[in-house]
Amino acid sequence: MRRLFHLPLSPFSRKVRLVLGEKRIETELVEELPWDRRIDFLRLNPAGEVPVFVDEDGQTIADSTAICEYLEETGPTPLLLPSDSIDRAEARRLAGWFDSKFHREVTVNLVYERVNKRLMKAGYPDSACVKAGAKNVKYHLEYVGWLMEGRNWLAGDQLSIADFAAAAHLSCLDYCGDVPWEISPPAKDWYARLKSRPCFRPLLADHIPGFPSKPHYSDLDF
Ligand SMILES: N[C@@H](CCC(=O)N[C@@H](CS)C(=O)NCC(=O)O)C(=O)O
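> I tried to follow the pattern of salt bridges on my own but got confused; where do I start?
When the charged atoms of two side chains with opposite charge come close together, those side chains can pair. Summed over all chains, the structure comprises 16 salt bridges. The shortest N-O distance in the salt bridge between Arg-92 and Glu-69 comes to 3.1 Å. Of this pair, Arg-92 sits in helix H4 (residues 85-119) while Glu-69 sits in helix H3 (residues 64-74), and the two are 23 residues apart along the sequence. Owing to a relative accessible area of 25%, Glu-69 belongs among the partly exposed residues under this scheme.

Spelled out as structure tokens, the structure:
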């Protein structure tokens, strides 16, 4: 059985879970608290980070982008990287935007400050970080809305890894009620379309003890 070591509110783990779901690759989820630095987990990934994917034959792959590309090359359709080179570059650019820029400017400031710090017993949220994250998320959401005014999916005509990377980060924030959807109806419509896909269902059922999700989080008609 394939296994994915993950953390429920890790955007990188969520991106892989969405791709596995979209490709209908059955995988057992194993929750890992990376900050515990469990020796058997460090043997799988010396970086000590989730997600880590272990394939049926025992091959182990760490890093969400490496895992997604491996699944793209070895797994079933649908393909989540477009066949056209320019479209593929755009999908990778936007996936990178969310995994790097959005993560640094928003996810770290909001989700990690408020949720991870408490789970790790690492003190209280830094209010300056939370304020910066709340301000930054607006710019990113407006950018998504602007892209969606001229496109079917985030990177173009085709649903791609860019949509899953973006939705993975936004879904972590949405769990905490930190996405001001009202500022961008096109961004909200795009997210609603993704949220109603079968691959999203397991994420909507996530429950972090001590941190209940906001009521609209699992509502498809939010
Ligand atoms: N580039 C990695 C980043 C993974 C990552 O930062 N994972 C975080 C959780 S979202 C983690 O495991 N952090 C544990 C730590 O740094 O101690 C990927 O794409 O998988």
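> Explanation requested: the environment of Pro-180 in the structure shown.
Tracing the backbone through its elements, the reader meets Pro-180 in the loop between helix H6 (161-175) and helix H7 (185-195). Separated by 42 residues in the primary sequence, Pro-180 and Lys-138 have C-alpha atoms spaced 7.1 Å apart. Beyond its immediate stretch of four places on either side in the chain, Pro-180 contacts Val-137, Lys-138 and Leu-141.

> Please clarify how the state of the cysteines should be interpreted in this entry.
Formally, a disulfide is one covalent bond, and it connects the sulfur atom of one cysteine to the sulfur atom of another. All chains considered together, the criterion is met by zero disulfides. Unpaired in this structure, Cys-129 has its nearest cysteine sulfur neighbour in Cys-176, at a distance of 15 Å. For Cys-129, a relative accessible area of 22% gives the class partly exposed. With no disulfide of its own, Cys-199 lies closest to Cys-68 among cysteine sulfurs, the gap being 12 Å. Judged by relative accessible area, Cys-199 falls into the buried class, the value being 5%.

> What exactly am I supposed to notice about the site of the ligand here?
As a structural note, the neighbourhood of the ligand is formed by Ser-10, Pro-11, Phe-12, Pro-34, Arg-37, Gly-48, Glu-49, Val-50, Pro-51, Asp-63, Ser-64 and Tyr-112. Arg-37 has a polar side-chain atom sitting 3.2 Å from an oxygen atom of the ligand. Within the contact set of the ligand, a nitrogen atom lies 2.9 Å away from a backbone nitrogen or oxygen of Val-50. With the chains in place, 78% of the 520 Å² that the ligand exposes on its own is no longer accessible. Tallied by class, residues from the shell around the ligand come to six nonpolar, three polar and three charged.

> Explain the packing of aromatic side chains to me, please; I cannot follow it from the model alone.
Both the distance between ring centres and the angle between the ring planes are used here to describe each pair of aromatic rings. Scanning the entire structure with this criterion turns up eleven aromatic pairs. Look at Phe-98 and Phe-102: their rings are 5.2 Å apart centre to centre, the planes differ by 40°, and that puts the pair in the tilted class. One end of the pair, Phe-98, and the other, Phe-102, are both in helix H4, four residues apart, so they sit about a helical turn from each other. Ring geometry for Tyr-143 versus Trp-146: centroids 6.1 Å apart, planes at 15°, classification stacked. Placement of both Tyr-143 and Trp-146 in helix H5 (residues 127-148) is noted, with a separation of three residues, approximately one turn of the helix. On the basis of relative accessibility, which here comes to 18%, the residue Tyr-143 falls in the buried class. Given a relative accessible area of 58%, Trp-146 falls into the exposed group.

Thresholds applied
Residues numbered from 1 in each chain as written. Predicted model: local features only at pLDDT ≥ 70, side-chain atom pairs only at ≥ 80, totals over all residues. Heavy atoms only, no water. Salt bridge = Lys/Arg side-chain N within 4 Å of Asp/Glu carboxyl O. Helix = DSSP H or I, 4+ residues; strand = E, 2+ residues; numbered from the N terminus. Buried < 20%, exposed > 50% of the residue type's maximum accessible area, 1.4 Å probe, protein only. Contact = heavy atoms within 4.5 Å. Disulfide = S-S within 2.5 Å. Near = heavy atom within 4 Å. Polar contact = N/O pair within 3.5 Å; in protein donor to acceptor, adjacent residues only side chain to side chain. Areas by Shrake-Rupley, 256 points an atom, 1.4 Å probe, with all protein chains shown as cover. Nonpolar A, V, L, I, M, F, W, Y, C, P; charged D, E, K, R; others polar. Phe/Tyr/Trp six-rings, centres within 6.5 Å; stacked < 30°, edge-to-face > 60°.

Scope: geometric values only; no functional claims are made or implied.
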